[in-house]
Amino acid sequence: MLFLPPNTTSLLQPMDQGVIAAFKAYYLRRTFKKLIAGTEEGDDKASVLQFWESFNIKHAIDIIVEAWGDVSKDCLNGVWRKLLPEFIHDFKGFDASEELPKIKENCVSLAKQVGFAEVESAGVEELIKSHCEDLSTADLQQLVAAGETEDAKDDEGQDAEPRELPTSLLSSILREVDTQLQLLEDNGYNAEWSRIVVRGVKSFLAPYEQLVCERRQSSKH
C-alpha cells in the first residue's frame, strides 16, 4: 500500500485547486441571500431564528444546485488544463486567489445586512475551511444517530398534550416559593448575597405572577 504525502491534496486533485473553495463561497453567499429574502421581504417575513428552523434538506439542495451553477467554465478549465490540456480550449485564465476574496467580502456584507454585525472576512474563511475534511464512517454514524434522536424528540413534542397548571396550584407554589425566599433573606449567611438571589428568583417568577393575576381578573368577568 502506498500512502500519498501529507498536505498534497490540492496539488494532486485538480478539483481542490480553487473549484471546491469557490463553490463553498458561492453556497454561503446564496444562503445569506435566501436569509435576507426570507427575513426582510413580504408581509409575512420571518425572524432569523424562524428562517433557520424552517430550513430543510431540500432548501440546501436547491442552494447547492444554484451555487454549482455559479462556478464558471473558466474556473473549471483553469484547474483541469494542466492535467488534460487537450480537452481545454479557449482558456482565458482563472485566478481563484483573486475571485475568492471578492465572494467572501460579499458574504460578509450580506451577513452584516441581515444583522450579524460581528461577522468578518476571517470568520467566513474559517467557515469555508471547516468543511474541507471528509467525514469518517464514525462521523456519519454520529450524525445519523443525532438526527434520529432529534426526530424522536420532535415527535414526542407534537404528540404531547399541552401542560397547564391550575390557577390554585400555581398560586400555592408561588406562595411557598415566596415563603422560602423570605426565610433565606432573613437568615442567609450573607445578607447581600441573599438579597441578590431573592431578587433574581422573583424576577424569573414574575411571568407566573402576572399569569395568576390575569387568570383571576378573567374569572371575575
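First, a word on scope: everything that follows refers to the structure included in this document.

What counts as what
Residues numbered from 1 in each chain as written. Predicted model: local features only at pLDDT ≥ 70, side-chain atom pairs only at ≥ 80, totals over all residues. Heavy atoms only, no water. Phe/Tyr/Trp six-rings, centres within 6.5 Å; stacked < 30°, edge-to-face > 60°. Buried < 20%, exposed > 50% of the residue type's maximum accessible area, 1.4 Å probe, protein only. Salt bridge = Lys/Arg side-chain N within 4 Å of Asp/Glu carboxyl O. Helix = DSSP H or I, 4+ residues; strand = E, 2+ residues; numbered from the N terminus. Patch = residues over 30% accessible without salt bridge, like charges linked within 9 Å, V, L, I, M, F, W, Y side chains within 5 Å. Areas by Shrake-Rupley, 256 points an atom, 1.4 Å probe, with all protein chains shown as cover.

A look at the packing of aromatic side chains
For the structure on display, the rule yields four aromatic pairs. Between Phe51 and Phe55, the aromatic rings sit 5.9 Å apart at their centres with planes inclined by 45°, giving tilted as the arrangement. Of the residues examined, Phe51 reaches a relative accessible area of 12% and is grouped as buried. Relative accessible area serves as the criterion here: at 22%, Phe55 is assigned to the partly exposed category. Within the aromatic cluster, the residues linked to one another by ring pairs are Phe51, Trp52 and Phe55.

What to know about the pattern of salt bridges
In the structure shown here, the tally under the stated rule is six salt bridges. Across the pair Lys58 and Asp62 runs a salt bridge, and its minimum N-O distance is 3.0 Å. Residue Lys58 and its partner Asp62 are both found in helix 4 (residues 57-70); the two are separated by four residues, about one turn of the helix. On the basis of relative accessibility, which here comes to 56%, the residue Lys58 falls in the exposed class. Of the charged contacts, one joins Lys112 and Glu120 as a salt bridge, the two residues approaching to 3.6 Å between their closest N and O atoms. Given the relative accessible area of 35%, Lys112 is considered partly exposed.

Concerning a nonpolar patch on the surface
A contiguous nonpolar patch, built from Ile57, Ile61 and Val65 and spanning about 320 Å² of accessible area, is present on the exposed surface. Here Ile57 shows up in helix 4. Residue class for Ile57 comes out exposed when judged on its relative accessible area of 65%.

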